[in-house]
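Structure assessment
Single-letter residue listing:
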Amino acid sequence: MSALHTSRGMRRTVLITLFVIACLGCGGTISQSSAKMAVSVTVANANEPQNAEDYDRIVENPFLSALHEPRSTFSTSVDTASYSNLRRFLNEGQLPPPDAVRIADMLNYFDYDYPKPRGDNPVGILLELGPCPWQPKHHLLRIALKARTIDPENMPARNFVFLLDTSGSMSGPNRLPLVQKSLNLLVEQLTSRDRVSIVTYSGNAGLTLEATRGDQKNRITQAIDSLTSGGSTNGAGGIVAAYEQAQAAFIPNGLNRVILATDGDFNVGASSNAELVRLIEEKRKSGIFLTVLGYGMGNLKDSTLEQLAHHGNGFYAYIDSLDEARKIFVDQGGALVTVAKDVKVQAEFNHKLVNAYRLIGYENRVLRSEQFRDDATDAGDIGSGHTYTALYEIVPRGVEIALPDAGALKYQRTAEVANGPAEWLTVRMRYKHPARETSEELSVALPEGALQEATSGDFRWTGAVAAFGLVLRDSPHKGEASLKMVQRLAESAQGEDAHGKRQEFLLLVNKAQRHKLR
């Protein structure tokens with residue numbers, strides 16, 4: 001483990017322990033004053049925040065043969081938590097742990113100029129194919145989705161239940177106080193048609209504020225600002241109470257959503273990931289969506305929060321500053337209104353042109369091919385105005401790549417060269433309208449002549465962001481990617497940057513370079 005990832009308190013305690021063991025092991029004695037010094041330093045450092053953060057291991061998607069496995073299917077996800085979390089690490093002078101780097105979250109953090117959906121479709125599809133920055137012989141495919149933007153005047157009535165962790169682990173300025181400031185930003189966007197309830201949980205869960213009209217802002221903000229932290233964390237009890245309150249205040253044909261704000265440290269009641277996921281899966285059947293907001297550092301249970309959002313028809317964001325809260329609740333406030341749910345994407349590659357392909361990121365969103373048309377399969381949801389990006393690295397036919405050999409088939413034959421139109425692939429998307437349980441399908445094909453050398457600025461930007469993730473993860477697929485290459489590519493594609501997020505990205509690349517990451 002890098003020294004950058006080791007807390008100061010842990011290093012000092014280890015050094016003191018080694019000193020004591022060494023003295024005892026050689027038959028030496030420790031003076032009373034020395035013993036007091038050892039104890040006092042260890043106790044002092046026990047008060048320093050220890051790194052108890054938890055991340056699921058990421059096993060990157062491999063290259064697959066377009067001949068033997070032509071279809072790639074996955075659920076959409078518009079989570080952004082990983083990007084703001086790794087920004088927090090870099091701003092603190094540390095490199096993020098590799099498993100904290102989810103490239104899908106990084107891609108979806110930024111705004112893009114994607115075309116609006118056509119007709120009555122809630123989501124539109126755009127495909128773009130160009131050179132792969134880190135593998136010159138390969139191509140990069142961008143699948144871009146754009147959700148319909150709901151006019152603020154036509155926004156449905158909203159029923160929000162703020163589910164707030166007020167346990168002892170939420171003490172500190174970057175936890176409960178930041179939660180309070182964040183939610184007050186959202187309260188400012190509400191109208192008389194909206195409703196807000198507040199459920200808090202520590203050792204027990206309780207209703208702090210019953211359903212209140214959104215124009216009663218003073219009452220809502222006073223309830224938020226009065227909260228204090230302390231006690232253990234009964235997250236499961238809070239989840240049950242929040243969904244019960246959301247159901248009690250349910251608005252037909254409106255937006256009904258639980259907004260969970262926590263560091264994810266559930267230690268009372270159902271606390272394992274499996275138990276919590278089953279609980280969330282049961283509650284999502286009520287038609288109530290979920291937003292998960294992660295707070296704090298040193299104790300963030302990232303793996304738990306991501307799974308809750310994934311299984312609760314929602315998205316996961318990490319709030320490291322008030323500016324990030326403003327991005328979620330003000331700049332993208334409409335994204336809390338879902339326009340398409342259970343959105344799945346399937347790419348079918350033509351082995352006449354494609355030798356192999358690899359989906360970049362979305363490792364825990366991969367689905368079996370038969371799940372694409374199975375309406376019982378849960379998938380991601382897309383909110384008003386959301387953009388969504390997925391990238392494939394493509395090995396064109398004629399370019400060799402080492403692939404696992406599953407052996408020849410005895411009973412089936414596949415033509416060496418496919419017949420049919422000269423297309424790179426066909427991308428299909430299935431989605432459900434928020435109030436329906438039957439999905440609809442859109443599809444678009446990419447013709448052979450679509451490969452471009454002069455790609456769009458957004459295409460190059462997503463390439464730079466993906467390359468940054470590959471380098472931070474020290475991915476075996478990073479090829480020629482380096483931080484200098486990321487910087488050059490991003491500078492060429494910065495374009496309009498209304499909120500300064502792309503400039504901030506370049507600053508993070510510079511900070512990573514100062515950490516001597518190669």
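For clarity, every value in this text was computed on a predicted model and none was experimentally measured.

Moving on to the overall build of the protein. If you tally the helices and strands in the protein, you get 13 helices and 17 strands. Per-residue burial over the protein gives 55% buried out of 518 residues. Sequence separation of at least 24 residues holds for 82% of the intrachain contacts in the protein that already meet a minimum separation of 6. In the form shown here, the protein has an accessible surface area of approximately 22600 Å², with 50% of it arising from carbon and sulfur atoms.

What follows covers the packing of helix 3 (residues 81-91) against helix 13 (residues 501-514). The angle between the axes and the distance between the axes are what describe a pair of packed helices. Where helix 3 contacts helix 13, the two axes come as close as 10 Å, and the packing angle between them is 45°. The angle between helix 3 and helix 13 places the two elements in the oblique class. Note that helix 3 runs across helix 13; the crossing there is left-handed. Contacts between helix 3 and helix 13 involve Tyr-83, Arg-87, Leu-90 and Asn-91 from the first element and Lys-501, Glu-504, Phe-505, Leu-508, Lys-511 and Ala-512 from the second. In terms of residue class, the contact of helix 3 with helix 13 is made up of five nonpolar, one polar and four charged.

All right, on to the environment of Pro-404 then. You can see Pro-404 is positioned in the loop between strand 15 (387-396) and strand 16 (423-432). Along the backbone, Pro-404 and Ser-65 are 339 residues apart, and their C-alpha atoms lie at a distance of 9.0 Å.

Among the secondary structure elements, His-139 is positioned in strand 4 (residues 139-147). Classification of His-139 as buried rests on a relative accessible area of 13%. Beyond its immediate sequence surroundings of up to four residues, His-139 is in contact with Leu-129, Gly-130, Pro-131, Cys-132, Tyr-392, Glu-393, Ile-394, Pro-396, Trp-424 and Leu-451.

All right, on to the sheet that holds strand 10 (residues 314-318) then. Pairing within the open sheet is mixed, and its six strands lie in the order 7-6-5-8-9-10. The open sheet has two edge strands with one neighbour each: strand 7 (205-213) and strand 10. Between one strand axis and the next, the sheet turns through 15° on average, direction left out of account. Bridge count between strand 6 (residues 195-201) and strand 7: six bridges; the pairing is antiparallel. Paired with Ile-198 across the bridge in strand 7 is Leu-209.

Take the packing of helix 11 (residues 457-473) against helix 12 (residues 483-491) next. Taken N-terminus to C-terminus, the directions of helix 11 and helix 12 make an angle of 165°; their axes are 8 Å apart at the nearest point. Comparing their axes, helix 12 and helix 11 come out roughly antiparallel. Between helix 11 and helix 12 lies a crossing whose hand is left-handed. Facing helix 11, whose interface residues are Arg-460, Trp-461, Gly-463, Ala-464, Ala-467, Phe-468 and Val-471, helix 12 presents Leu-483, Met-485, Val-486, Leu-489 and Ala-490.

Turning next to the nonpolar core. With 69 residues, the main nonpolar core has Leu-141, Ile-143, Leu-145, Phe-160, Phe-162, Phe-349 and Tyr-392 as its most contacted residues. With seven residues, helix 5 (residues 176-187) is the single largest residue contributor to this core. Filtering out sequence-adjacent residues up to four positions away, Leu-145 remains in contact with Thr-76, Tyr-114, Val-123, Gly-124, Ile-125, Val-343, Val-345, Ile-382, His-386, Thr-387, Tyr-388 and Met-429.

A separate point is the pairing of strand 5 (residues 158-165). Judged by how many residues are buried, strand 5 sits mostly within the fold: eight of eight residues are covered. Bridge count for strand 5 against strand 8 (residues 255-262) is seven bridges, and the pairing is parallel. In the sheet register, Leu-163 faces strand 8, and the bridge partner there is Leu-260. Of the strand pairs in this sheet, strand 5 and strand 6 are connected by seven bridges, and their pairing is parallel. Along strand 6, the bridge assignment pairs Leu-163 with Val-199.

The next point concerns the pattern of salt bridges. Taken as a whole, this structure holds 28 salt bridges when the rule is applied. Residues Glu-504 and Arg-87 are paired through a salt bridge, measuring 3.1 Å at the closest nitrogen-oxygen approach. Placement of the pair is Glu-504 in helix 13 and Arg-87 in helix 3, with a sequence separation of 417 residues. Put simply, Glu-441 and Arg-373 hold a salt bridge, and the shortest N to O gap is 3.2 Å. Of this pair, Glu-441 sits in strand 17 (residues 440-447) while Arg-373 sits in the loop between strand 13 (366-367) and strand 14 (380-383), placing them 68 residues apart in sequence.

Here is what the cut-offs are and how they apply
- Residues numbered from 1 in each chain as written.
- Predicted model: local features only at pLDDT ≥ 70, side-chain atom pairs only at ≥ 80, totals over all residues.
- Heavy atoms only, no water.
- Helix = DSSP H or I, 4+ residues; strand = E, 2+ residues; numbered from the N terminus.
- Buried < 20%, exposed > 50% of the residue type's maximum accessible area, 1.4 Å probe, protein only.
- Contact = heavy atoms within 4.5 Å.
- Areas by Shrake-Rupley, 256 points an atom, 1.4 Å probe, with all protein chains shown as cover.
- Axes fitted to C-alpha atoms, helices over the stretch in contact; angles between N-to-C directions.
- Parallel < 35°, antiparallel > 145°, perpendicular 65-115°, else oblique.
- Left-handed = near helix turned anticlockwise from the far one by under 90°.
- Nonpolar A, V, L, I, M, F, W, Y, C, P; charged D, E, K, R; others polar.
- Pairing = 2+ DSSP bridges.
- Core = buried A, V, L, I, M, F, W, Y, C linked by side-chain atoms within 4.5 Å.
- Salt bridge = Lys/Arg side-chain N within 4 Å of Asp/Glu carboxyl O.

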